[in-house]
Amino acid sequence: MGDVDVFAGLDAVAWQRLRHAYGSAAGVPAILRDLVDPDPAVREVALEQFYGAVHHQGDVYRCTLETLPFLTRIATTPGLPGRAAAIELLASVGGATWDQPLAGRTRTANATLAADRPRFLALLHDADAHVRAAVVPLLRAIAAEAPEATAGLLRRHADAEPDPLVRRAIVTAVARLATADPATIAWLEGLTTAEPDAGLRLGALAALARLGVPAPAETAVALIAAGYSAPPAPATPAGLQTDTLVGRIREMREQLHAGRGHPQMDELVRAVSDAYGDRVESRIAVLLAGLRSADAEWQLDALHPASNLVHGWRGRYTHILRRIADLALTGEPVVRPRAAGVLGDLGRFAAPVADALAGLVESAERRAPHTPLRRAVPPWIVEWPAEPPTVGRLLALLARLGDPRAVPMLAWVLEQEPLPSDAGWAIAGLGPVAAPLAPAVAARLDDPLPPRHRDGLVAALRAIGPAAAREALPVLLAAGPDPVNAEALGQLGAADPATAGTVLPVLRGWAAGPDARGAVAATLAAWTVDADTDTAVAALTRHLGDDAAAVVAARALRTVSAAGPGTLDRLGALARRRDQYGHTAVAAAHALAAITGDAALVRAPLEHAWARHPLTRPAVVAAWAELGPPDARTRALLAAELAEPRRLYRRGGNPGFSYGELDQDEAFVAAMRALMPGGGGDPAPAR
């Protein structure tokens, strides 16, 4: 450590009086010391501990602030191991990843680091390129008082910087610092044509697109092609293992890059696609060029950005879907599993490529262990190390499409031991198409099964139809007041008068039980059997006063579509309630719309939810549908939403997606178009 004692004063801090995410901060000095240990495995464990506790999920505690002087000394002391990682910690604590104005202790940390700006600027000339690259985001984070000046300084430094890694970091930082600054635009445009490093040219192109100066897609494709044709530059593994999340992420990245000649292109292709933002046609052109190329690495790197585009932006991506299906069926061995994984995430959006999907499932293994990083096409049954097996995603998707080719495959699944936990739910996706499986499903219900297994099988029988549910009647009656059981019994009793006398007393008993949500489900199920509206409305109205059941009670009243004493008053009060997410108010307003058909009564709560709680919009549209043709005001709201390029669930900075959200947004768009005159205009063109 030379003549500098980077930990001078460390033990003088009252760490034991401070706290981090998991309790006392007394262990922080040991973490700091381990950050400069000669053993890289020790340093990786220390990083895990710092990010996990001292800077948990980006939070800044008092103890985090106390680490800043020591991290700064580590960063600025030549010859110490772990300096680049310490600088990355400083940047994170200082808010480098924040997209909104800094607040609280993060703002305090940023100001503390800004006071040391000259020391960090000096690191741009450090002998270690990793240190130089790491300090660039930190300099951007602390440049709040002079962003354009910092951008200019970094541009000038980049012109003399020999290392492409550092120059790429500068390009990213400058683009975030100087929004549409003419000098920055000119500099980036020069890089896209004169810079010899293909990766840096792509970084500059992506930065220009983010700044609102996108290059034509053809230019992006040409630069990407140049990147893949450059001399190979394989990544070098770290050569260590640690039982940490940081280590597992590093190892996963190393596994993804193993055997690749251009591993850095993965991130660059994704960055270019993302940078085009809502310019969907440009993104399609860039990604289709990769998917259609003869280079397996380029195909591989285009798959995840293509999935991100389909999930995040509205359209009919027929050409992209077909090419992904082709790659899943006939691509290179390294490409097929990732393409198959992308298909498996598409939900009902995969319907145009159902034939390819069926062929892929038919050729897959019947059962196999889970493979991380999607190293294999999903089998029919996936085996997990410490959990019950599950149905493979592709087979479950084929069933979800209602494809009869899934029936014999799921018949085989039903025979297996142990039964996959979601077998019933997969069969339920088939609906009545699964009728040949009903006897086997009912037979499995006689086995001792965990609740999730059993609920799925009941859901399957319910989806197949009353005749299937009849086979499992004794099991359903004995299973207890579960909403899934109640709905199945209600369906069965409504369809079969001979069974009604058996199921109705059971449902009435469940409706009087202590579990409010189960009681609501049983009340509604009983109503489907005996159509006793007065009894159902009275019970459901009482449940409107229970916070745990108000939403499901309102939804049940919408189905019954009737009111009794006090029903409308209670629904009106709930519709006016400003609950955190808007779901209670919308459910109540929807029930009012169904019962009264009075648009004036529900206009205010529905429009409030539409504006304040966008994720309730599908439910709002369903309520508007109860009221007949929309008025001009509602049509304007629908037209504005239909003009949105991004899917509902991908707005507000949400970068990821959850399984099923693609289907939900497609159904939402279809419901809006059904309300609009002429279907709301032409759907997005096929791509």
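Preceding block: the structure.
Here we summarise the structure given alongside this text. (Residues numbered from 1 in each chain as written. Predicted model: local features only at pLDDT ≥ 70, side-chain atom pairs only at ≥ 80, totals over all residues. Heavy atoms only, no water.)

1. Examining the overall build of the protein
Line of reasoning, step 1. Secondary structure summary: the protein contains 37 helices and five strands in total.
Line of reasoning, step 2. Along the first, second and third principal axes, the C-alpha atoms of the protein reach 90 × 55 × 55 Å.
Line of reasoning, step 3. Taking all 687 residues of the protein together, the buried fraction comes to 52%.
Line of reasoning, step 4. Sequence separation of at least 24 residues holds for 65% of the intrachain contacts in the protein that already meet a minimum separation of 6. (Helix = DSSP H or I, 4+ residues; strand = E, 2+ residues; numbered from the N terminus. Buried < 20%, exposed > 50% of the residue type's maximum accessible area, 1.4 Å probe, protein only. Contact = heavy atoms within 4.5 Å.)

2. Some thoughts on the sheet that holds strand β5 (residues 390–391)
Line of reasoning, step 1. Pairing within the open sheet is mixed, and its three strands lie in the order β3-β4-β5. Looking along the sheet, the strands with just one partner apiece sit at the ends: β3 (367–369) and β5.
Line of reasoning, step 2. Direction of pairing for β3 relative to strand β4 (residues 381–383): parallel, over a ladder of three bridges. Residue alanine 368 lies in a different strand from β4, and its bridge partner there is valine 382. (Pairing = 2+ DSSP bridges.)

3. Concerning the nonpolar core
Line of reasoning, step 1. Ranked by internal contacts, the top residues of the largest apolar core, which has 89 residues, are Ile320 and Leu410.
Line of reasoning, step 2. When residues in this core are grouped by element, the largest group, seven residues, is from helix α21 (residues 406–414).
Line of reasoning, step 3. When neighbours within four sequence positions are excluded, leucine 410 is seen to be in contact with Val391, Leu395, Ala399, Ala426, Ile427, Leu430 and Leu437.
Line of reasoning, step 4. The next biggest cluster of nonpolar side chains, apart from the first, holds 71 residues, and it includes Phe7, Leu18, Leu124 and Leu211. (Core = buried A, V, L, I, M, F, W, Y, C linked by side-chain atoms within 4.5 Å.)

4. Digging into the packing of aromatic side chains
Ring pairs (aromatic) are described by centroid distance and by the angle formed between their planes.
Line of reasoning, step 1. Scanning all chains against the criterion turns up five aromatic pairs.
Line of reasoning, step 2. Each ring, one from tyrosine 228 and one from tryptophan 298, has its centre 5.4 Å from the other, and the planes form 20°; the classification is stacked. Remark: tryptophan 298 occurs in helix α16 (residues 296–312) and tyrosine 228 occurs in helix α12 (residues 217–229); sequence separation between them is 70 residues.
Line of reasoning, step 3. An angle of 40° between the planes, with centres 5.0 Å apart, marks the rings of tryptophan 610 and tryptophan 624 as tilted. With tryptophan 610 in helix α34 (residues 599–612) and tryptophan 624 in helix α35 (residues 617–625), this residue pair connects regions lying 14 residues apart in the sequence.
Line of reasoning, step 4. With relative accessibility at 5%, the residue tryptophan 610 sits in the buried group.
Line of reasoning, step 5. Following the ring pairs from residue to residue traces out a cluster consisting of Trp610, Trp624 and Phe668. (Phe/Tyr/Trp six-rings, centres within 6.5 Å; stacked < 30°, edge-to-face > 60°.)

5. Description of unusual backbone geometry
Line of reasoning, step 1. The omega torsion of the bond from glutamate 417 to proline 418 falls at -10°, within 30 degrees of zero and hence cis.
Line of reasoning, step 2. With respect to the helices and strands, proline 418 occurs in the loop between α21 and α22 (423–430).
Line of reasoning, step 3. Not every positive phi belongs to a glycine, and glutamine 57 is a case in point at roughly 50°.
Line of reasoning, step 4. With respect to the helices and strands, the residue glutamine 57 is situated in the loop between α2 (40–54) and α3 (62–76).
Line of reasoning, step 5. The exposed category is assigned to glutamine 57, whose relative accessible area is 70%.
Line of reasoning, step 6. Phi at serine 561 takes a positive value of approximately 55°, unusual for a residue other than glycine.
Line of reasoning, step 7. Checked against the element boundaries, serine 561 lands in the loop between α31 (550–560) and α32 (567–576).

6. Observations concerning helix α8 (residues 147–160)
Given 3.6 residues per helical turn, the α-helix brings residues three or four places apart onto the same face.
Line of reasoning, step 1. A rise of 1.5 Å per residue sets the reference length of α8, with its 14 residues, at 20 Å; its end C-alpha atoms lie 21 Å apart and thus fit the reference within 8%.
Line of reasoning, step 2. Every buried residue of α8 is listed here: Thr150, Ala151, Gly152, Leu154, Arg155, His157 and Ala158.
Line of reasoning, step 3. Summarising the contacts, the buried residues of α8 are in contact with α6 (117–122), α7 (129–141), α9 (164–177) and α10 (182–194). (Expected span 1.5 Å × (residues − 1).)

7. Here we look at the side chain of serine 92
Line of reasoning, step 1. Tracing the sequence through the fold places serine 92 in helix α4 (residues 83–93).
Line of reasoning, step 2. Residues in contact with serine 92, not counting those within four places in the same chain, are Tyr51 and His55.

8. What about the side chain of aspartate 663?
Line of reasoning, step 1. Tracing the sequence through the fold places aspartate 663 in helix α37 (residues 661–675).
Line of reasoning, step 2. Within the structure, the side chain of aspartate 663 is placed 2.7 Å from the side chain of arginine 400, a separation counted as a polar contact. (Polar contact = N/O pair within 3.5 Å; in protein donor to acceptor, adjacent residues only side chain to side chain.)

9. Examining the packing of helix α20 (residues 393–400) against α21
Line of reasoning, step 1. Where α20 contacts α21, the two axes come as close as 10 Å, and the packing angle between them is 130°. Comparing the axis directions of α20 and α21 gives the class oblique. In terms of crossing hand, the pair formed by α20 and α21 is left-handed. Facing Leu395, Leu398 and Ala399 of α20, the residues of α21 in contact are Ala406, Met409, Leu410 and Val413.
Line of reasoning, step 2. Considering only residue class, the contact of α20 with α21 consists of seven nonpolar, no polar and no charged. (Axes fitted to C-alpha atoms, helices over the stretch in contact; angles between N-to-C directions. Parallel < 35°, antiparallel > 145°, perpendicular 65-115°, else oblique. Left-handed = near helix turned anticlockwise from the far one by under 90°. Nonpolar A, V, L, I, M, F, W, Y, C, P; charged D, E, K, R; others polar.)

10. A look at helix α11 (residues 198–210)
Line of reasoning, step 1. Spanning 13 residues, α11 covers 19 Å between terminal C-alpha atoms, matching the ideal 18 Å at 1.5 Å per step.
Line of reasoning, step 2. Among the 13 residues of α11, 12 are classified as buried, and the element is accordingly described as predominantly covered.
Line of reasoning, step 3. Those residues of α11 that sit buried are Ala198, Gly199, Leu200, Arg201, Leu202, Gly203, Ala204, Leu205, Ala206, Ala207, Leu208 and Ala209.
Line of reasoning, step 4. Those residues of α11 that are buried lie in contact with α9, α10, α12 and α14 (265–275).
Line of reasoning, step 5. Phi turns positive, to about 85°, at glycine 212, one or two residues after α11.

11. Here's the deal with the packing of α20 against α22
Line of reasoning, step 1. With their axes 6 Å apart at the nearest point, α20 and α22 run at an angle of 35° to one another. Listed contacts from α22 to Ala396, Ala399 and Arg400 of α20 are Ala426, Gly429 and Leu430.
Line of reasoning, step 2. Considering only residue class, the contact of α20 with α22 consists of four nonpolar, one polar and one charged.

12. So, the environment of alanine 198
Line of reasoning, step 1. Within the fold, alanine 198 resides in helix α11.
Line of reasoning, step 2. By relative accessible area, which is 10% here, alanine 198 ends up buried.
Line of reasoning, step 3. Taking the C-alpha atoms as reference points, alanine 198 and alanine 674, separated by 476 residues in sequence, lie 48 Å from one another.
Line of reasoning, step 4. Every residue in contact with alanine 198, bar those within four places of it in the chain, is listed here: Ala226 and Gly227.

13. Some thoughts on the environment of arginine 646
Line of reasoning, step 1. Its place among the elements puts arginine 646 in the loop between α36 (632–642) and α37.
Line of reasoning, step 2. C-alpha separation for the pair arginine 646 and threonine 77, spaced 569 residues apart in sequence, amounts to 47 Å.
Line of reasoning, step 3. Ignoring sequence-local partners within four residues, the contact set of arginine 646 consists of Gly277, Asp278, Gly312, Trp313, Arg314 and Arg651.

14. Focus on the environment of alanine 115
Line of reasoning, step 1. Checked against the element boundaries, alanine 115 lands in the loop between α5 (104–114) and α6.
Line of reasoning, step 2. For the pair alanine 115 and alanine 173, spaced 58 residues apart in sequence, the C-alpha to C-alpha distance is 20 Å.

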